[in-house]
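What follows is the residue order along each chain.
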Amino acid sequence: MVNLGITRVDDEIAAKHPGLGRYAACQSHALMKGTGTFALGAVALFGFQKVLQRKLPYPLQWNVLISVVGSSFGSYAVTRWETQKCSDLWLLLESGKVPDRLPPQESKPEESKGPKETKYGDIME
């Protein structure tokens with residue numbers, strides 16, 4: 001039986017999706033990494049701003065606010081990146097193919113050689 005958070009997944013569903021346990025572990029790791037990034041980022045930004053306050057004094061409430069907001073953005077970025085990797089793992093385990101994350105290439109229009117003729121018989125250069 002596979003646990004997803006605090007809920008248990010039925011054996012028949014777990015048998016149908018053999019990579020479910022690895023995906024759940026990956027997601028758990030990604031969320032814990034995001035939480036750690038938030039905590040360490042807030043402490044680091046707070047400490048950096050305490051050093052900076054010697055040159056540029058401002059109230060403690062702004063120090064805390066900037067630390068929390070900055071670490072929130074960092075935590076979001078790390079969590080999003082890691083959960084994207086977990087989604088790629090899930091797709092690999094289910095389909096056996098690695099998803100292509102590159103943006104589609106725009107095709108360049110072909111340059112014509114010589115004059116063209118329109119459907120009305122006019123010649124264009």
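Residues numbered from 1 in each chain as written. Predicted model: local features only at pLDDT ≥ 70, side-chain atom pairs only at ≥ 80, totals over all residues. Heavy atoms only, no water.

**Some points on helix α3 (residues 60-95)**
Between its terminal C-alpha atoms α3 stretches 52 Å, which fits the 52 Å expected from 36 residues at 1.5 Å a residue. When α3 is considered as a whole, its buried residues turn out to be N63, S67, S71, S75, T79, E82, T83, C86, D88 and L89. Packing partners of the buried residues in α3 comprise α2 (20-52). (Helix = DSSP H or I, 4+ residues; strand = E, 2+ residues; numbered from the N terminus. Expected span 1.5 Å × (residues − 1). Buried < 20%, exposed > 50% of the residue type's maximum accessible area, 1.4 Å probe, protein only. Contact = heavy atoms within 4.5 Å.)

**With respect to the state of the cysteines**
Counted by the stated rule, this structure contains one disulfide. Between the sulfur of C26 and that of C86 lies a disulfide, 2.0 Å long from S to S. Between C26 and C86, the S-S dihedral sits near -90°, and the bridge is therefore left-handed. With C26 in helix α2 and C86 in helix α3, this pair connects stretches of sequence that are 60 residues apart. Its relative accessible area of 22% is what places C26 among the partly exposed residues. (Disulfide = S-S within 2.5 Å.)

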